[in-house]
Amino acid sequence: MRVDFTAFFRALADWTSGSEQSDRQTGETLLAMMHALVRFDDIVIFAYRDKARPIDLFSTFEAEDHNIFVTLYQAGPYLLDPFFHTTRAGRSGVFRMRELAPDRFFSSEYYRTYYSQTRLAEELGFFVPVADGVTVVVSLMRREKTGVFPAQEFVLLNDAEPFVAAFVRQAWSDLARRFAETGQGRGRRSEPVSEADKVWRKLNLTDREASIIELVLQGHSSESIGLKLDISTGTVKVHRRNVYRKLGISSQIQLLSIYLKNIQG
C-alpha cells in the first residue's frame, strides 16, 4: 500500500487548528492518519488503569459489532484479554496480538467463547502509557477477509510509534480524572478491588487458587502458569483440580461460564 502523506498531514492539520478536541474528533484524526499509512478495517481506542473497567474513547464499529467489541468486552472479558495484561505489565510500543497471547490462548475457552466472535484475522495495538498509571491502547483490526498485516506495514507502524505515542499523550492527558469520576480511581492506600477479585472471593477461592484460575482462563498452560508463579507444574495441576472440585465442575468451559455469569451478574 502506498503511503498517502497528503491525507496524513491534512488530518493532523485539521486537528491542530481546532480548539479543544473531543474523543470523537481525536479518534477521527487518528483513524484518518492510520488509514493514510496502512490498510485496516476497524479501530478501537481504550484507556486502561489498574483493573478498572476500561474507558471506550473511540471506535468505528456498527451496532452489532460494538456490542461484541465494546459493551460485552467492558462487562468482564477484558480481564482475560492479552492487551489488558500487557497494559498491566507497563509495556509500551506496537505489538501484534499473537506476540502477546499466552501459549494456549487460541485453543482456550475464552478464545472460543468470546474472542472468536470478533472474526479477526489480526489485531495489533499501540500501547501508550500516559499519566497517573493510565495506558491508552490504539487497536487496529483486520477482518478475516482482509488478512493479516503485511510485514512491511508492521515495520511502518513501528516507525510511526513515537509520533502516535506523542499524539495520544497530548490528546488524552487527563484520563485519571475520568476514571475517578466513574468511581474507579485509585484509593489512597490501595488499588480498588476488581470485579474479578470479587468473583473469586464470592466463590471462596484462595489467593493462590484465584491466581492460577485467572491464568487458566487467559489461555496459559500448566507449564506456563508454573513458570509465571514460580511453582511446579504438578502444584498447578493440584490447585486446578481442587478448584474444579470446590466449584463442582469438570471442564474449562464450565469454569468460564461460572466466571462470566458472576462477573456480569
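Details of the structure are given in the entry above.
Let me begin by describing the structure that accompanies this report. From a predicted model like this one, the values you see are computed outputs, not experimental measurements. (Residues numbered from 1 in each chain as written. Predicted model: local features only at pLDDT ≥ 70, side-chain atom pairs only at ≥ 80, totals over all residues. Heavy atoms only, no water.)

### Looking at the sheet that holds strand E3 (residues 93-96)
Thought 1: The 5 strands are arranged E2-E1-E5-E4-E3 in an open sheet whose pairing can be described as antiparallel. Edge strands, defined here as strands with exactly one partner in the open sheet, are strand E2 (55-59) and E3. In this sheet, adjacent strand axes meet at a mean angle of 20 degrees when their direction is disregarded.
Thought 2: Where strand E4 (residues 120-129) meets strand E5 (residues 134-143), 9 bridges bridge the pair, whose relative direction is antiparallel. Considered in E5, the bridge of Leu124 is made with Leu140.
Thought 3: Running at roughly 50 degrees to E2, helix H2 (residues 23-37) makes contact with strand E1 (42-49), E2, E4 and E5 of the sheet.
Thought 4: Contacts from helix H7 (residues 151-171) reach E3, E4 and E5 within the one sheet, and its direction differs from that of E4 by about 35 degrees. (Pairing = 2+ DSSP bridges. Helix = DSSP H or I, 4+ residues; strand = E, 2+ residues; numbered from the N terminus. Axes fitted to C-alpha atoms, helices over the stretch in contact; angles between N-to-C directions. Contact = heavy atoms within 4.5 Å.)

### Here's the deal with the pattern of salt bridges
Thought 1: Scanning all chains against the criterion turns up 15 salt bridges.
Thought 2: The salt bridge involving Lys145 is made with Asp41; its shortest N-O contact spans 3.5 Å. Taken together, the residues Lys145 in the loop between E5 and H7 and Asp41 in the loop between H2 and E1 connect sequence positions 104 residues apart.
Thought 3: Residue Lys145 is classed as exposed on the basis of its relative accessible area of 71%.
Thought 4: Residues Arg98 and Glu122 are paired through a salt bridge, measuring 2.2 Å at the closest nitrogen-oxygen approach. Of this pair, Arg98 sits in helix H5 (residues 97-100) while Glu122 sits in strand E4, and the two are 24 residues apart along the sequence.
Thought 5: Salt bridges here are not isolated pairs; linked through shared partners, they connect Asp42, Asp65, Arg119 and Arg143. (Salt bridge = Lys/Arg side-chain N within 4 Å of Asp/Glu carboxyl O. Buried < 20%, exposed > 50% of the residue type's maximum accessible area, 1.4 Å probe, protein only.)

### Topic: the environment of Arg112
Thought 1: You can see Arg112 is positioned in helix H6 (residues 109-113).
Thought 2: In this structure, the C-alpha to C-alpha distance between Arg112 and Ile253, residues 141 residues apart in sequence, is 9.4 Å.
Thought 3: Within the local environment of Arg112, its side chain forms a polar contact with the backbone oxygen of Ser107, the two atoms lying 2.9 Å apart.
Thought 4: In this structure the side chain of Arg112 is engaged in a polar contact, spanning 2.5 Å, whose partner is the side chain of Glu109. (Polar contact = N/O pair within 3.5 Å; in protein donor to acceptor, adjacent residues only side chain to side chain.)

### Thoughts on the nonpolar core
Thought 1: Ranked by internal contacts, the top residues of the largest apolar core, which has 49 residues, are Trp200, Leu217, Leu255 and Tyr259.
Thought 2: Setting aside anything within four residues of it in sequence, one finds Leu217 in contact with Leu80, Tyr110, Trp200, Leu255, Leu256 and Tyr259.
Thought 3: Leu124, Ala160, Phe167 and Val168 belong to the second-largest nonpolar core, a separate cluster that totals 40 residues. (Core = buried A, V, L, I, M, F, W, Y, C linked by side-chain atoms within 4.5 Å.)

### Concerning the side chain of Thr146
Thought 1: As for its placement among the helices and strands, Thr146 is situated in the loop between E5 and H7.
Thought 2: Not counting chain neighbours up to four residues away, the residues in contact with Thr146 comprise Arg39 and Asp41.

### What about the pairing of E2?
Thought 1: Of all 5 residues that make up E2, 4 are buried, and the element is covered over most of its length.
Thought 2: Sheet topology places E1 next to E2; 4 bridges connect them, and they run antiparallel. In the sheet register, Val44 faces E2, and the bridge partner there is Ser59.
Thought 3: Hairpin remark: E1 followed by E2, antiparallel, with 5 residues in the connecting loop; positive phi at Asp50, about 50 degrees.

### Overview of the packing of helix H1 (residues 5-16) against H2
Thought 1: Packing of H1 against H2 brings their axes to within 8 Å, and their N-to-C directions diverge by 165 degrees. Accordingly, the angle class assigned to the pair H1 and H2 is roughly antiparallel. Handedness of the H1/H2 crossing: left-handed. Taken together, the residues of H2 that come into contact with H1 (itself represented by Ala7, Phe8, Ala11, Leu12 and Trp15) are Gln25, Thr26, Thr29, Ala32, Met33, Ala36 and Leu37. (Parallel < 35°, antiparallel > 145°, perpendicular 65-115°, else oblique. Left-handed = near helix turned anticlockwise from the far one by under 90°.)

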